[in-house]
Amino acid sequence: MLKVKEAIIVEGKYDKQRLSEFIDAPIITTSGFRVFKDKEKQRLIRELSKERGILVMTDSDGAGGVIRNFLRGIITQGEIKHCYIPCVEGKEKRKASPSKENLLGVEGLSHEVLKEALLRSGATIEGEGETVKREPITKTDLFEMGLSGRDNSAILRVKLLESLSLPTYLSANAMLELINTLYTKQEVLDKLMEL
């Protein structure tokens, strides 16, 4: 079992069940979009963020992005971390048909994939020591890499995100936050060279 300091926020009960199989941490569900109107749940999430910090792990589809952005708006910046799962095509076993975007959510991914995403997110794992701080990629770096401010920047961002199996609908700012969570500057440069 991985002992995680932060409380983990997921979309639904099946996501919570999946993570509970190998993670020891408070796991709170948003009940999908219900969190938008559920003031008690919002209050609980704020309290947990102050007490131990929170880690948002939503699905990599559009709905997951909307929930993530909502939580980003109600939590103080230093108290929230984001765990992005890779975009993997498929269908969860319990469902009759795949999701609208044909992507697996948290519940459909293996323990290994989820653990890797968790470790790359900067989560504080007991017994692993504090997470290593790395030099962040800046907006200037994005411009110099051709990922913003150029005629073909949007196309290049989509290609980069596809190659990293990440959501392609992200804006330049959202992508910056995501790649700073998951990758070093050199890893991004290496991937751009491959493209």
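Look up: the structure comes first, before these words.
Reference entry: report on the structure contained in this document. As the structure is a prediction and not an experimental result, all values here were calculated from the model.

**Side note on the side chain of Ser 148**
Line of reasoning, step 1. Inspection of the secondary structure assignment puts Ser 148 in the loop between α5 (139–144) and α6 (153–163).
Line of reasoning, step 2. We classify Ser 148 as buried; its relative accessible area is 15%.
Line of reasoning, step 3. At 3.4 Å, the side chain of Ser 148 and the backbone nitrogen of Phe 143 are in polar contact.
Line of reasoning, step 4. Excluding its chain neighbours within four sequence positions, the residues that come into contact with Ser 148 are Lys 139, Leu 142, Phe 143, Ser 153, Arg 157 and Ala 172.

**Some points on unusual backbone geometry**
Line of reasoning, step 1. The phi dihedral of Ser 31 is positive, around 55 degrees, even though this residue is not glycine.
Line of reasoning, step 2. If you trace the backbone, Ser 31 turns up in the loop between β4 (27–29) and α2 (39–51).
Line of reasoning, step 3. What makes Ser 31 partly exposed here is its relative accessible area of 38%.
Line of reasoning, step 4. In the Ramachandran plot, Asn 102 falls in the positive-phi region, its phi being about 60 degrees despite a non-glycine side chain.
Line of reasoning, step 5. Relative to the assigned elements, Asn 102 resides in the loop between β6 (80–82) and α4 (111–120).
Line of reasoning, step 6. You can call Asn 102 partly exposed: its relative accessible area is 31%.

**Remarks on the sheet that holds strand β2 (residues 7–10)**
Line of reasoning, step 1. Taken in spatial order, the four strands line up as β4-β2-β5-β6 in an open sheet, and their pairing is parallel. The open sheet terminates on both sides in strands that have one partner only, identified here as β4 and β6. The sheet shows a mean angle of 30 degrees between the axes of neighbouring strands, direction not considered.
Line of reasoning, step 2. In this fold helix α1 (residues 13–20) packs onto β2 and β4, with an angle of close to 170 degrees to the strand it touches most, β4.

Reading the values: the criteria
- Residues numbered from 1 in each chain as written.
- Predicted model: local features only at pLDDT ≥ 70, side-chain atom pairs only at ≥ 80, totals over all residues.
- Heavy atoms only, no water.
- Helix = DSSP H or I, 4+ residues; strand = E, 2+ residues; numbered from the N terminus.
- Buried < 20%, exposed > 50% of the residue type's maximum accessible area, 1.4 Å probe, protein only.
- Polar contact = N/O pair within 3.5 Å; in protein donor to acceptor, adjacent residues only side chain to side chain.
- Contact = heavy atoms within 4.5 Å.
- Pairing = 2+ DSSP bridges.
- Axes fitted to C-alpha atoms, helices over the stretch in contact; angles between N-to-C directions.

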